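Residues per chain are reported as follows:
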Amino acid sequence: MRKRLIFLCGPNGVGKTALCREILRRTPGSAYVDSDPLRQTNPFVLSDETGPAIQKNLSCVLTNYLQCPAVDTVLFSYGLHGRRREIFEGVLEDLAGQSYRFFPFLLTCGEAENVRRMRLDGRDEARIERALRVSRAAYDDVPYPKIDVTHLSVPEGAALILTRCAL
């Protein structure tokens, strides 16, 4: 069986991490690559200097899991807003030599639900306002299949994604 790379993207607070964790829980032989720990610097600045290191971190961890015999499904969530999109495109180029089926999804939800989720995550109002202004609009041109998670629980969203990724 060929490996699966399930990629979830979407605005801040839409539920990418929660869905990846639920899919990981439900899927034996899976691994989850959370980009947050792979791009932590103090201060965090996505620049010409830090971007290549972040790309390499992501590419290396994804490659390691794609090459691991015990892993059949790799889950990866990442925001594509700002300069992150060019890093993600570089990661896909770095993975070109790997054998996997790519299952990308764009998660969406209504604005009120997005705000509710970000508040539940403990995000401050300034960060929420910035996410609404910048993060949501950054996905208007993303060509991946959309899943509106506004009225889906985490288990329902995970089940839907896994159904769409069945080999």
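Going by the structure above, here's the rest.
Please read these numbers as outputs of a predicted model, since none were measured by experiment.

Draft legend 1. A look at the overall build of the chain. A count of helices and strands for the chain gives six helices and five strands. Shown N-terminal to C-terminal, the secondary structure of the chain runs as helices and strands in the order β-α-β-α-β-α-β-α-α-β-α. Against the compact-globule benchmark of 15 Å for 167 residues, the chain has a radius of gyration of 16 Å, which places it among compact chains. Seen through its C-alpha atoms, the chain measures out along the principal axes to roughly 45 × 40 × 25 Å. Across the 167 residues in the chain, those meeting the buried criterion constitute 47%. Total accessible area computed for the chain in this model is approximately 8700 Å², and 51% of it derives from carbon and sulfur atoms. Of the side-chain charges in the chain, 23 are positive and 20 negative, and the distance between the mean point of each set is 5 Å.

Draft legend 2. Molecular detail of the nonpolar core. In terms of nonpolar packing, the biggest core is built from 25 residues, with Phe 7, Cys 9, Leu 58, Leu 62, Phe 76, Tyr 78 and Leu 80 touching the most fellow members. Every element with two or more residues in this core is listed here: β1 (3-9), β2 (30-34), α2 (50-67), β3 (73-77), α3 (84-94) and β4 (100-108). Among the elements that take part in this core, α2 stands out by supplying four residues, more than any other. Excluding its chain neighbours within four sequence positions, the residues that come into contact with Leu 80 are Phe 7, Cys 9, Arg 85, Phe 88, Tyr 139 and Val 142. Residues Val 14, Leu 19, Ile 147 and Cys 165 belong to the second largest nonpolar core, which totals 18 residues.

Draft legend 3. How the structure looks around the environment of Tyr 78. You can see Tyr 78 is positioned in the loop between β3 and α3. Residue classification places Tyr 78 among the buried positions, given a relative accessible area of 2%. Along the backbone, Tyr 78 and Phe 88 are 10 residues apart, and their C-alpha atoms lie at a distance of 8.1 Å.

Draft legend 4. Layout of helix α1 (residues 16-26). Every buried residue belonging to α1 is among Lys 16, Leu 19, Cys 20, Glu 22 and Ile 23, and all of these are buried. One side of α1 holds all its buried residues, which, seen down the axis, span an arc of 165°. Of the exposed residues in α1, those oriented more than 90 degrees away from the buried face are Arg 21 and Arg 25.

About the criteria used
Residues numbered from 1 in each chain as written. Predicted model: local features only at pLDDT ≥ 70, side-chain atom pairs only at ≥ 80, totals over all residues. Heavy atoms only, no water. Helix = DSSP H or I, 4+ residues; strand = E, 2+ residues; numbered from the N terminus. Rg over C-alpha atoms; globule rule 2.2 N^0.38 Å. Buried < 20%, exposed > 50% of the residue type's maximum accessible area, 1.4 Å probe, protein only. Areas by Shrake-Rupley, 256 points an atom, 1.4 Å probe, with all protein chains shown as cover. Lys, Arg positive; Asp, Glu negative; His and termini not counted. Charge placed at Lys NZ, Arg CZ, Asp CG, Glu CD. Core = buried A, V, L, I, M, F, W, Y, C linked by side-chain atoms within 4.5 Å. Contact = heavy atoms within 4.5 Å. Arc of directions from axis to C-beta.

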